[in-house]
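# Commentary on secondary and tertiary structure
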Amino acid sequence: GQQLNQSPQSMFIQEGEDVSMNCTSSSIFNTWLWYKQDPGEGPVLLIALYKAGELTSNGRLTAQFGITRKDSFLNISASIPSDVGIYFCAGRRANTGANSKLTFGKGITLSVRP
Amino acid sequence: NAGVTQTPKFQVLKTGQSMTLQCAQDMNHNSMYWYRQDPGMGLRLIYYSASEGTTDKGEVPNGYNVSRLNKREFSLRLESAAPSQTSVYFCASSEFGTGSVHFGDGTRLSIL
């Protein structure tokens, strides 16, 4: 099936640094979602984006819906140890119905060094 | 404030045994999903139910069956478990027509 591209698979940063992740596809999406998964738990929704160009913040997290509708970005500012986890992007493709299935990226594992 | 509840949280099976994973949501969502998560593979959709009374195959349906028992409950059954089905299984739900999907905490299944 259609996959969203997230790379690299792992990222290592120093506490206090900012980090950016992106998610790309060859298809157009009309919804972009960013999830975080802590060890032993299910993914939790961080930010949802519904309009091209939309920029949305949730605390230290900011995400943008790309103008081309083929990508999205997540930025974490001033990272802290509890930011450790797996970050997934997910999207709904355009023109596939109001209740179409989500497509997920493979996730980026973020490690934060104290 | 339970959201999506999955049972059991952990299970070990022998090859060939059968098992049903249970899922219930209390958010009055129309749509429910079963995913599996394997290292390096992300989340792959097994089956989904867009609304009560309907079910459809996802990306990796082979070896599984599902039942949408009512609006709240969506179960996943392994009729004859195989080692390749060792995985973490997530149930999820969403409101019809919106983007966000809410996940349970997962069932960790090992098949020996």
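Our subject is the structure that appears above.
Residues numbered from 1 in each chain as written. Chains lettered and ligands numbered in written order. Predicted model: local features only at pLDDT ≥ 70, side-chain atom pairs only at ≥ 80, totals over all residues. Heavy atoms only, no water.

### Remarks on the overall build of chain B
On a plain count of helices and strands, chain B comes out with 0 helices and 11 strands. Moving toward the C terminus, one meets the helices and strands of chain B in the order β-β-β-β-β-β-β-β-β-β-β. Over its C-alpha atoms chain B spans a radius of gyration of 13 Å, differing by no more than 12% from the 13 Å that the globule rule assigns to 112 residues. C-alpha extents for chain B along the principal axes are approximately 40 × 25 × 25 Å. Out of the 112 residues belonging to chain B, those deemed buried represent 48%. Relative to all contacts within chain B whose residues are 6 or more apart in sequence, the contacts with residues 24 or more apart total 54%. Accessible area of chain B: about 5000 Å², with a carbon and sulfur share of 49%. Each charge class in chain B can be summarised by its mean position, and for the 10 positive and 9 negative side chains these summaries are 6 Å apart. (Helix = DSSP H or I, 4+ residues; strand = E, 2+ residues; numbered from the N terminus. Rg over C-alpha atoms; globule rule 2.2 N^0.38 Å. Buried < 20%, exposed > 50% of the residue type's maximum accessible area, 1.4 Å probe, protein only. Contact = heavy atoms within 4.5 Å. Areas by Shrake-Rupley, 256 points an atom, 1.4 Å probe, with all protein chains shown as cover. Lys, Arg positive; Asp, Glu negative; His and termini not counted. Charge placed at Lys NZ, Arg CZ, Asp CG, Glu CD.)

### Remarks on the packing of aromatic side chains
By the definition in use, this model includes 12 aromatic pairs over all chains. On the numbers, 5.9 Å between centres and 75 degrees between planes, the contact of Phe104(A) with Phe103(B) is edge-to-face. With one member in each of two chains, Phe104(A) in strand 10 (residues 103-104) and Phe103(B) in strand 10 (residues 102-103) form a pair that bridges those chains. Aromatic side chains Phe90(B) and Phe103(B) sit 6.3 Å apart centroid to centroid with 85 degrees between the ring planes, which places their arrangement in the edge-to-face category. In this pair, Phe90(B) sits in strand 9 (residues 87-94) while Phe103(B) sits in strand 10, placing the two residues 13 residues apart along the sequence. Using a relative accessible area of 11% as the deciding quantity, one classes Phe103(B) as buried. Every member of this aromatic cluster is reached through a ring pair, and the members are Tyr35(A), Phe88(A), Phe104(A), Tyr33(B), Tyr35(B), Tyr48(B), Phe90(B) and Phe103(B). (Phe/Tyr/Trp six-rings, centres within 6.5 Å; stacked < 30°, edge-to-face > 60°.)

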